[in-house]
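Here is how the chains run, residue by residue.
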Amino acid sequence: MIANNALLLLLLVLAVAGGWTLARGGLRMDEAGRAQLPSQYYRGFNFLLDGEEEDAIDAFTEALSVNEDTLDTHIALGSVLRKRGEVDRAIRIHQNLLTRSHLTAVQLHQVHLELARDFIAAGLYDRAEQLLRDLSDQSPDLNATAQRHLLEVFEAQREWSAAVVTAENLIALSQSEDPLATGHGQSAHQLRCHYLCEQAEAAISEQDPSLARQYYRDALRDNDKDLRARMGSANVSLMESSPKEALAHFEVIMASGRTCTPELLSLLSQICADQDGESTYTAVLHRYYEQQPSPLLALSLAAELEAEKDRTAADDFLRRTLADNPSVAVAMSLLLSGLPEENDQPERRILEQLTRDEQGYACDHCGFTGQSRHWRCPGCRHWDSIHYLGTVPAKAHG
Ligand SMILES: [Zn+2]
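Residues numbered from 1 in each chain as written. Predicted model: local features only at pLDDT ≥ 70, side-chain atom pairs only at ≥ 80, totals over all residues. Heavy atoms only, no water.

Draft legend 1. Representation of the environment of Lys 225 in the model. Its location among the elements puts Lys 225 in the loop between α12 (209-219) and α13 (227-239). Exposure remark for Lys 225: the relative accessible area of 43% places this residue in the partly exposed category. Contacts of Lys 225, omitting those with residues within four sequence positions, involve Arg 230, Val 252 and Ser 256. (Helix = DSSP H or I, 4+ residues; strand = E, 2+ residues; numbered from the N terminus. Buried < 20%, exposed > 50% of the residue type's maximum accessible area, 1.4 Å probe, protein only. Contact = heavy atoms within 4.5 Å.)

What follows is the structure, given as structure tokens:
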């Protein structure tokens, strides 16, 4: 923080001194700024000499009069303060800019955008929303950026239907080839899908499966294979006692190439519990494994074979899979199977520990890890960036 304050103070001193030099040379500078500059400038230095850095920042900020040359400095200064968590100061600086009469429309829009960002950081969502809506109407250049920030506002307040409308606006802008609509953040198509899934899940918790079904159908509009919407649709089918329909949704997931996870196996198990003999859990697992020969599926199939036949049949199956799909997790399972059943063997404990440690989920974007899937990462707030780590122990070789 001390280093940050020093940099900020240096920026301010240079900006004020630069403005003063221009004023002395008779260049653009308003009269009020010319009169106030020296006293606040030296007051800032006095605070600095007394070691009161925060007061020095305020004094230098006040000394920095607003004109065409310093507007960008004010905007940048407010942004720096917001990023340091000093949102009140950022708001004060940006609001002060709005009191100046000589701002052009473009400059005014820039300041409004910064102020909206300050309000979002401060959790003042109503005020941010109003500014962003006005900006979206008044500035074609900042329209897409304003809509992106509106999504932040609606997400923070869980206003999913408003978020869907805004995502639709962004999709329309991207179709008109506005690069800002697609140039940053996640795809508006993907976001729209998640917002609809959020509404569907709320409908499920309200025991309204038919409303949830409508949301999921809409969510699948842009991506027929979306994992969350298909899983939700399968759940709704189960709620409405349509296991065949649920299995059809699951078949789409199987063909989509998304990695099989324990939660998918749990859903499949529920679906198969109500199926006829041809679609038993083991039969579907076999088909799933043919499409995706993952260690998780191999081990799940082996567990079913052991329950239906015996451990030898399960081990034989696992050994056959190793020929085409080498896997440390599968090999480790076979080693564990070969050890005697006594509880306190150290080699058993180590092998079991290695397998257990690696199971879980991690965010591709920020590295957040957890034991369950979140559709939105609690660390970085990205949607669908958390993926299953699998059962392969990364530390198995050392
Ligand atoms: Zn993350």
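Read on, since the account is not over.
Draft legend 2. Spatial organisation of the coordination of the zinc ion. Coordination of the zinc ion by the protein is provided by Cys 363 (SG), Cys 366 (SG), Cys 377 (SG) and Cys 380 (SG), with metal-donor distances spanning 2.3 Å. In this structure, the zinc ion is coordinated by four donor atoms arranged in tetrahedral fashion, with angles at the metal of 104 to 113°. When the donor residues of the zinc ion are listed from N- to C-terminus, their spacing reads C-x2-C-x10-C-x2-C. With Cys 363 in strand β1 (residues 361-363) and Cys 380 in the loop between β2 (369-370) and β3 (386-388), this residue pair connects regions lying 17 residues apart in the sequence. Here Cys 363 matches Cys 380 in class, with each residue buried. (Donors = N, O, S within 2.8 Å, 3.2 Å for Na, K, Ca; no water. Tetrahedral: all angles 85-135°; square planar, octahedral: opposite > 155°, others 65-115°.)

Draft legend 3. Geometry of the packing of α13 against helix α14 (residues 243-256). The geometry of α13 relative to α14 is characterised by a closest axis approach of 7 Å and an angle of 165° between their N-to-C directions. Our classification of the angle between α13 and α14 gives roughly antiparallel. The interaxial crossing formed by α13 with α14 has left-handed handedness. The segment α13 lies against α14, with Leu 227, Arg 230, Met 231, Ser 233, Ala 234, Ser 237 and Leu 238 engaging Pro 243, Glu 245, Ala 246, His 249, Val 252 and Ile 253. (Axes fitted to C-alpha atoms, helices over the stretch in contact; angles between N-to-C directions. Parallel < 35°, antiparallel > 145°, perpendicular 65-115°, else oblique. Left-handed = near helix turned anticlockwise from the far one by under 90°.)

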